[in-house]
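Survey of secondary and tertiary structure
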Amino acid sequence: MRFILVDHILDTDLRELHRGPESVEVEPQVLDLLIYLIQNRDRVVTKDDLIASVWRGRSASDTTLTSRIYAARRAIGDNGRDQKLIRTIARKGLRFTGEVRTQADQAPHAIDSPPDAAGKLSQPAPPLPDRPAIAVLPFSNMSGDPEQDYFSDGISEDIIAALSKLRWFFVIARNSSFVYKGRAVHLKQVGKDLGVGYVLEGSVRKSGGRVRITAQLNDVANGSHVWAERYDRDVADIFAVQDEITEAIVAAIEPQLYAAENFRARRKPPGNLDAWDLVMRGLSYYWRVTQQDHAIAQDLLQKAIGIDPNNGQALGVLGASYTFGAHMGWVELKDIVPIAESTALAAIRADSEDAWAHFALGAVYLITRRFDDSLAEFELALRLNPNFSQVQNYYAAALGFCGRWQEGVEAARRAIRLSPRDPFLALYYGSACMAQYIGRNYDEALQMARTAVRLRSDYAAAHRVLTAAAGMTASLEIATAALQELRRAQPSVSLAWVRDHVPIQHAADLEHYLEGLRRAGLD
């Protein structure tokens, strides 16, 4: 006998459960439970009925029963919260309430696709959109407690909402992704059904006061793992943990998607590259954080704009790259500011809802000391993409330069937490050390600055703060050594250069910075 459910086929003779062409792995006892419930769907099945029929009269604890019921629901895409197919009748038992058709004369593989929830045959696979498309599958609840489904579902839903803010990506809506809840389905099938190139899956396991969350990003085309990570947290505040994990996963996924798209672009012949391919290639060089790589990135982005002059993505990244070059001292400020500002404004005209565009303009405003405008642009960029760690860092720097050093320290910490393996991580510590120096916290400034220069030995801004902090607190020997390293990283550095180029808003804060450098021996 074959029972045809909404989108599953259960063959009692072969003892197999299928969803479309895919086989669903089910433990024998769970399969017995499911068969018994379906066969007796015309009535409420009691605990005693299950003990007698499924356990053959042997005793079974309530925990065992609960776990088998949970597994049965999961196998057919149901859960303890919705109970669309297997319903718990309070103080009485269980009843299978889903639609069931029977079939006794047709092999299961002869049915090409099961009907959907409306009773219609499955639709053809949608085409891939013109930007990277990703589906977030419901995270599996591995806790053995169906009551914890809300937490694993909440993680998935929050990730979908957060990824949806990244306007460069096409994110499948929650209701479509959650169709696969509790089902063992091949990722290629998900990609075909939903028209996506990437699938994020994961699991949640809670035990006592700890939670472990694993997440894995998969490339559907070749079945490879693009990225995977595990997060262990205390769960004193379960919703705060949910928010933190969501932020961490989204911040980690975004650059991985860019990298994967760049890999795809590299496999295309040069003559077949479109604007999107060129932007992805440009970004791959942008993230390498060297002067030579940024020059290549700018060339690629300019080519993308040549193909599509209103490509907001290319304009935003190009403007950010121009300003970053000035920040790192690779180009003269006076030469690059007009180009960077016109490019950033063009990015906003092309796409005013893109976070990169506002980031690029905010960076221009910061290095030209238009502090209020800079903060406003960074805040708008963060509203558009709250997980944009590089914007968090520039926001931290702007807050510190404006004398709001406590807020600057917190913003820098948030950037570090969002992207702890970021190629720009040295700059995040650089923003933190500058804010600590402005706050006269010299020991903290020294610690953060040392971390920054350890991550990136040529980062002149961190060497400057290290030198100033050493001048204010440390021995002459330490200050002299710090100044020597600063001059190696920035041979042309002088007090006059710092006064002209470091955008500190308040005269007292600027003089305090210059005094630290002066005490260390800079003239």
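All figures in this text were calculated on a predicted structure; none of them were measured in a lab.

Reading the values: rules and limits
- Residues numbered from 1 in each chain as written.
- Predicted model: local features only at pLDDT ≥ 70, side-chain atom pairs only at ≥ 80, totals over all residues.
- Heavy atoms only, no water.
- Helix = DSSP H or I, 4+ residues; strand = E, 2+ residues; numbered from the N terminus.
- Buried < 20%, exposed > 50% of the residue type's maximum accessible area, 1.4 Å probe, protein only.
- Contact = heavy atoms within 4.5 Å.
- Areas by Shrake-Rupley, 256 points an atom, 1.4 Å probe, with all protein chains shown as cover.
- Polar contact = N/O pair within 3.5 Å; in protein donor to acceptor, adjacent residues only side chain to side chain.
- Expected span 1.5 Å × (residues − 1).
- Pairing = 2+ DSSP bridges.
- Salt bridge = Lys/Arg side-chain N within 4 Å of Asp/Glu carboxyl O.
- Axes fitted to C-alpha atoms, helices over the stretch in contact; angles between N-to-C directions.
- Parallel < 35°, antiparallel > 145°, perpendicular 65-115°, else oblique.
- Nonpolar A, V, L, I, M, F, W, Y, C, P; charged D, E, K, R; others polar.
- Phe/Tyr/Trp six-rings, centres within 6.5 Å; stacked < 30°, edge-to-face > 60°.
- Left-handed = near helix turned anticlockwise from the far one by under 90°.

**What to know about the overall build of the protein**
Looking only at helices and strands, the protein has 21 helices and 13 strands in total. Taking all 523 residues of the protein together, the buried fraction comes to 55%. Expressed as a percentage of contacts within the protein between residues at least 6 apart in sequence, the contacts between residues at least 24 apart total 60%. With an accessible surface of roughly 23200 Å², the protein has 49% of that area assigned to carbon and sulfur atoms.

**Regarding the side chain of Arg 456**
On the secondary structure map, Arg 456 appears in the loop between helix 17 (442-455) and helix 18 (460-473). Here Arg 456 falls in the buried class, since its relative accessible area comes to 15%. There is a polar contact of 2.4 Å between the side chain of Arg 456 and the backbone oxygen of Val 289. Reaching out from Arg 456, the side chain makes a polar contact with the side chain of Asp 458 at a distance of 2.9 Å. Among all residues touching Arg 456, those that are not within four sequence positions of it are Val 289, Thr 290, Met 328, Trp 330 and Ala 426.

**Some remarks on helix 13 (residues 371-384)**
Given a rise of 1.5 Å per residue, 14 residues ought to cover 20 Å, and the 20 Å separating the end C-alpha atoms of helix 13 matches this to within 8%. Every buried residue belonging to helix 13 is among Phe 371, Ser 374, Leu 375, Glu 377, Phe 378, Ala 381, Leu 382 and Leu 384, and all of these are buried. Buried positions along helix 13 lie against helix 11 (333-350), helix 12 (355-367) and helix 14 (389-401).

**Re the pairing of strand 3 (residues 16-19)**
With 3 bridges joining them, strand 2 (residues 9-11) and strand 3 adopt antiparallel strand pairing. Within strand 3, the position partnered with Leu 10 by the bridge is Leu 17. The loop that links strand 2 with its antiparallel partner strand 3 comprises 4 residues; one of these, Arg 15, has a positive phi angle of about 55 degrees. Connecting strand 3 to the next strand, strand 4 (residues 22-24), in antiparallel fashion are 2 residues, including Gly 20 with a positive phi near 60 degrees.

**A closer look at the pattern of salt bridges**
Across all of its chains, the model carries 19 salt bridges by this definition. Between Asp 11 and Arg 2 there is a salt bridge, with its nearest N and O atoms 3.6 Å apart. On the accessibility criterion, Asp 11 (3% relative accessible area) is buried. Judged by relative accessible area, which is 9%, Arg 2 ranks as buried.

**Comments concerning the pairing of strand 12 (residues 210-219)**
Pairing geometry for strand 11 (residues 198-207) and strand 12, over 10 bridges, is antiparallel. Paired with Val 199 across the bridge in strand 12 is Asn 218. Counting the residues that bridge the hairpin from strand 11 to strand 12 gives 2 residues, and of these Gly 208 lies at a positive phi of roughly 60 degrees. Inspection of the sheet shows strand 12 paired to strand 13 (residues 225-234) by 9 bridges, in the antiparallel sense. Residue pairing for strand 13: Thr 214 is matched across the bridge by Arg 230.

**Side note on the packing of helix 16 (residues 425-438) against helix 21 (residues 507-520)**
Relative orientation and spacing of two packed helices are given, respectively, by the angle between their axes and the distance between those axes. Running from N to C, helix 16 and helix 21 cross one another at 105 degrees; their axes reach a closest spacing of 10 Å. Classified by the interaxial angle, the pair formed by helix 16 and helix 21 is roughly perpendicular. On the side of helix 16, the interface is formed by Met 434, Tyr 437 and Ile 438, while helix 21 contributes Asp 509, His 512, Tyr 513 and Gly 516. Across the contact of helix 16 with helix 21, the residue classes tally to 4 nonpolar, 2 polar and 1 charged.

**Things to note about the side chain of Gln 392**
Mapped onto the fold, Gln 392 is located in helix 14. The buried category is assigned to Gln 392, whose relative accessible area is 6%.

**Regarding the packing of aromatic side chains**
All told, the structure shown has 15 aromatic pairs when counted by the stated rule. Pairing Trp 356 with Phe 359 gives two aromatic rings, centres 5.8 Å apart and planes at 65 degrees, and the pair type is edge-to-face. Residue Trp 356 and its partner Phe 359 are located together in helix 12, separated by 3 residues, close to a single helical turn. Residues Trp 356 and Phe 359 agree in their burial class; the two are buried. When the centroid spacing of 5.0 Å and the interplanar angle of 80 degrees are considered together, the rings of Phe 359 and Tyr 394 count as edge-to-face. Pair noted here: Phe 359 is in helix 12 and Tyr 394 is in helix 14, with a separation of 35 residues, a long-range link. Pair check on accessibility: Phe 359 and Tyr 394 agree, each one buried. Put simply, the rings of Tyr 286, Trp 287, Phe 324, Trp 330, Trp 356, Phe 359, Phe 378, Phe 388, Tyr 394 and Phe 424 pair up and form one aromatic cluster.

**Focus on the environment of Ile 4**
Tracing the backbone shows Ile 4 in strand 1 (residues 2-4). Separated by 96 residues in the primary sequence, Ile 4 and Val 100 have C-alpha atoms spaced 5.6 Å apart.

**Some remarks on the packing of helix 9 (residues 291-307) against helix 10 (residues 312-328)**
Look at helix 9 against helix 10: their axes get within 9 Å of each other, and the N-to-C directions meet at 150 degrees. The pairing of helix 9 with helix 10 is recorded here as roughly antiparallel in orientation. Once helix 9 is placed against helix 10, the crossing between them reads as left-handed. Residue-level contacts link His 294, Gln 298, Leu 301, Gln 302, Ala 304 and Ile 305 of helix 9 to Ala 314, Leu 315, Val 317, Leu 318, Ser 321, Tyr 322 and Phe 324 of helix 10.

**Focus: unusual backbone geometry**
The backbone phi angle of Val 289 is positive, close to 60 degrees, even though this residue is not glycine. Along the chain, Val 289 turns up in the loop between helix 8 (275-286) and helix 9. The residue Arg 369 is not glycine, and still its phi comes out positive at about 65 degrees. Its relative accessible area of 30% is what places Arg 369 among the partly exposed residues.

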